[in-house]
Amino acid sequence: MGYPPSTRHKTAPVAGERTILVVEDSKAYSMALCRRLTDTIGLPLVSCRSLNELHEAVTDDRAAFTLAVVDLNLPDAPHGEAIDFAVQRGIPTIVHTASFDLETRNRIMERDVIDYVPKDSEFALDILMGTVERALANRQTRILVVDDVTATRKLLVRMLKIQQYDVVEAGSGAEALSLLEADPEIRLVVSDYHMPKMDGYELTRRIRRRFRSDRLRVIGVSSSNDRMVSVGFLKAGANDFISMPFIPEELQCRIASNVETLAQIAQLHNLASRDALTGLYNRRHFFEQAGPLIERARAKKRSSAVAIIDIDDFKRLNDSYGHDYGDQALKSVARCLAQCADGGGHLLARIGGEEFAILFPGLDARAAMRQSDHIRLDVSHEALEIGEQRDGLTVSIGVAEIGEQRSFDDALNAADRALYAAKRSGRNRVSLDAA
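What comes next is a walk through the structure. Nothing here was measured: the structure is a model prediction, and the numbers come from that model.

1. Quick notes on the sheet that holds strand 13 (residues 347-352)
Point 1. Ordered in space as 13-14-12-17-18, the five strands form an open sheet in which the pairing is mixed. In the strand order of this sheet, the two ends are held by strand 13 and strand 18 (430-432), each with one partner. Direction aside, neighbouring strands of the sheet carry axes that sit 20 degrees apart on average.
Point 2. In this sheet, strand 14 (residues 355-360) lies alongside strand 13 in antiparallel orientation, the contact comprising five bridges. Within strand 14, the residue paired with Ala349 across the bridge is Ala357.

2. Re the sheet that holds strand 7 (residues 142-146)
Point 1. Strand order in the open sheet formed by five strands is 8-7-9-10-11, with parallel pairing between adjacent strands. Edge strands, defined here as strands with exactly one partner in the open sheet, are strand 8 (166-170) and strand 11 (240-243). Averaged over all adjacent pairs, the angle separating strand axes in this sheet is 20 degrees, with direction ignored.
Point 2. Sheet analysis places strand 10 (residues 217-222) next to strand 11, joined by four bridges and oriented parallel. Across the sheet, Val221 pairs through a bridge with Ile242, a residue of strand 11.
Point 3. Here helix 6 (residues 150-162) sits on the sheet and contacts strand 7, strand 8 and strand 9 (186-192); the angle it forms with strand 8, its principal contact strand, is near 170 degrees.

3. Observations regarding the packing of aromatic side chains
Point 1. Applying the stated criterion across every chain yields a total of nine aromatic pairs.
Point 2. Here Phe286 and Phe287 contribute two aromatic rings whose centre-to-centre distance is 5.7 Å and whose plane-to-plane angle is 85 degrees, an arrangement assigned as edge-to-face.
Point 3. Under the relative-accessibility criterion, Phe287 is labelled partly exposed at 32%.
Point 4. Grouping aromatic residues by their ring pairs yields a cluster made of Tyr193, Tyr201, Phe233 and Phe241.
Point 5. One cation-aromatic arrangement involves Arg274 over Tyr281; the distance from NZ or CZ to the ring centre is 4.0 Å.

4. Quick look at the environment of Gly232
Point 1. Note on placement: Gly232 falls in helix 9 (residues 228-236).
Point 2. For the pair Gly232 and Ala418, spaced 186 residues apart in the sequence, the C-alpha separation amounts to 58 Å.

5. Structural notes on the packing of helix 7 (residues 173-182) against helix 8 (residues 200-210)
Point 1. Direction vectors running N to C along helix 7 and helix 8 enclose 20 degrees, while the axes themselves pass 10 Å from each other. By the criterion of interaxial angle, the relationship of helix 7 to helix 8 is roughly parallel. When the axes of helix 7 and helix 8 are compared, the crossing they make is right-handed. Across from Gly173, Ala176, Leu177, Leu180 and Glu181 in helix 7, the residues of helix 8 making contact are Leu203, Arg206, Ile207 and Arg210.
Point 2. Counted by class, the contact of helix 7 with helix 8 contains five nonpolar, one polar and three charged residues.

Scoring rules and cut-offs
Residues numbered from 1 in each chain as written. Predicted model: local features only at pLDDT ≥ 70, side-chain atom pairs only at ≥ 80, totals over all residues. Heavy atoms only, no water. Pairing = 2+ DSSP bridges. Helix = DSSP H or I, 4+ residues; strand = E, 2+ residues; numbered from the N terminus. Axes fitted to C-alpha atoms, helices over the stretch in contact; angles between N-to-C directions. Contact = heavy atoms within 4.5 Å. Phe/Tyr/Trp six-rings, centres within 6.5 Å; stacked < 30°, edge-to-face > 60°. Buried < 20%, exposed > 50% of the residue type's maximum accessible area, 1.4 Å probe, protein only. Lys NZ or Arg CZ within 6 Å of the ring centre and 35° of its normal. Parallel < 35°, antiparallel > 145°, perpendicular 65-115°, else oblique. Left-handed = near helix turned anticlockwise from the far one by under 90°. Nonpolar A, V, L, I, M, F, W, Y, C, P; charged D, E, K, R; others polar.

Structure, rendered in structure tokens:
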């Protein structure tokens, strides 16, 4: 077969990032699709308009492609050959097609594709963008599949891996519970009902005693014709139920719906725990999380420390230049604190007004004081511009240790006293509680 000259298009490469492959023969549709992918996903693209160009692109570097969006029918590949080519080379593939009916659906689902999106809707590009985003996000979601029948378990694992999920598996309820205890990254459990020693109901009940639904979702599965099996799972604490044999699209949608619910709950929790102005954790989150962090350090026979940080002369700044300037000062200091505390396992929050707090789990007062002085010095290098004037920022910091006998509240009061000692001593300094 003769092919036209190559017209495949490659966007500017981005170092360290993998590429999305677009295979579409309509120039106008391809341009619209690539524009939306660039705006929505932000990864570099390679676009092809024929099977011939696809061969050239993948031969260049097949490992470079993180995902492919492939048209079902191309002029030189009218029967889905481009899909086969991409799938066989291990490129996760989403299919889009201009014509859609049951026969077309069956043709597509014979292949190991992530999903298909018909073009026959004004919302087709929106749906396709959502499908691409979900496929990329699925790689961050770990799912545990529990079934004592190896063949059935492997089938489900394979279907979920095609959807790009990170999948682990267990052959019994006891093994599943052990994996859940050892791996906090598991977010969803798919469990069969009929299993020896511990059936799906009992496994679900035990999961619910340990994990709340906003932390771990459970989906029951069964090939039983007894409709009460689904009721049993839901009453035991499962979030959903799927009958076997699976319809791939139903499995995909139900799994995706539960994963999306977890993401929405996590987003709500995050919003509720953040300070709206600075983006740091808020006072409530700080006090909720401090106790467990301190206890974990104590279990390792280690002290902790807390620092309270206050912006010097903040009232003068606000009164002289206005609240907008005060907000800029708060955000500037917060950004500096976040950079200093990043990656150290510390808990940082804005606890009110111009005050911030950092919990140093596992550090004694002297080590926390050294860290705090680095923070003080870094903030002192910050400056805000007001017209032609540059105004420097400084902070005062009070530090107190949380030993075996001292409560967190007592340590906070002590850090507060140390803070005011730093203020009285001239500001822009760190003071250690003398107790």
